[in-house]
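Here's the letter readout for the chains.
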Amino acid sequence: MKLLKLNFLFWGAIFSLATLTSCDDDDDVTVLPITLGSKVNVNNTFQSPAFGYDDEMDFAVISGMNAGDFATDATLSSSVEFPAYIGLYDINISETTITFDVIAPEDDPTFSGFWRIIEAGTFDRYYLTFENAQNVKGFTSSNPNVRLRIDSEKVLVVEISQGYDFNPDQKFTITLN
């Protein structure tokens, strides 16, 4: 009888420990892909044999300016971080998404001559360089012609390519995981 009580106490203790261990709060912590309050820099490059740019070039240079002139910084918050970036996109980065919204009008003097379906070999890239490491592991895109390249924990590249409908009022969202 004493052996039965000891056996019962032993298994009861094991069950209790297993139950308490499985209730650990660490499993409930969700790490979001992007941390609000982080600093981020955006810069645009362009590559298009159709326009005579076989190699990737800083868009500022193509526009007759110095490399990096279109690079700009922001601190991530609940508002749009890059309103009217280069006069073309509102770029908003949240904890779980990156959204680009074309805001240039149809008759825009800079972009109206470029409205089209993006041709083969053309890449419009937006480098997002974060001050601190982020936790982006993957993505889905609302547009099949837009993808996210994860160069490192600090560098994400939004890449717009062949087939993208580059026209006013276009919008796409990249959902991060």
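Refer to the structure printed above.
Residues numbered from 1 in each chain as written. Predicted model: local features only at pLDDT ≥ 70, side-chain atom pairs only at ≥ 80, totals over all residues. Heavy atoms only, no water.

Brief notes about the packing of aromatic side chains
Then step 1. Applying the stated criterion across every chain yields a total of 13 aromatic pairs.
Then step 2. On the numbers, 6.2 Å between centres and 75° between planes, the contact of Tyr85 with Tyr126 is edge-to-face. Of the two residues, Tyr85 is situated in strand E4 (residues 82-85) and Tyr126 in strand E8 (residues 123-130); the sequence distance between them amounts to 41 residues. The same class applies to Tyr85 as to Tyr126, namely buried.
Then step 3. Where Phe100 meets Tyr126, the ring centres are 5.1 Å apart and the plane angle is 70°; that geometry is what we call edge-to-face. Highlighted residues: Phe100 in strand E6 (residues 97-102) and Tyr126 in strand E8, separated in sequence by 26 residues. As far as the burial class goes, Phe100 and Tyr126 line up, both buried.
Then step 4. One aromatic cluster in this structure is built from Phe82, Tyr85, Tyr89, Phe100, Tyr126, Tyr164 and Phe172. (Phe/Tyr/Trp six-rings, centres within 6.5 Å; stacked < 30°, edge-to-face > 60°. Helix = DSSP H or I, 4+ residues; strand = E, 2+ residues; numbered from the N terminus. Buried < 20%, exposed > 50% of the residue type's maximum accessible area, 1.4 Å probe, protein only.)

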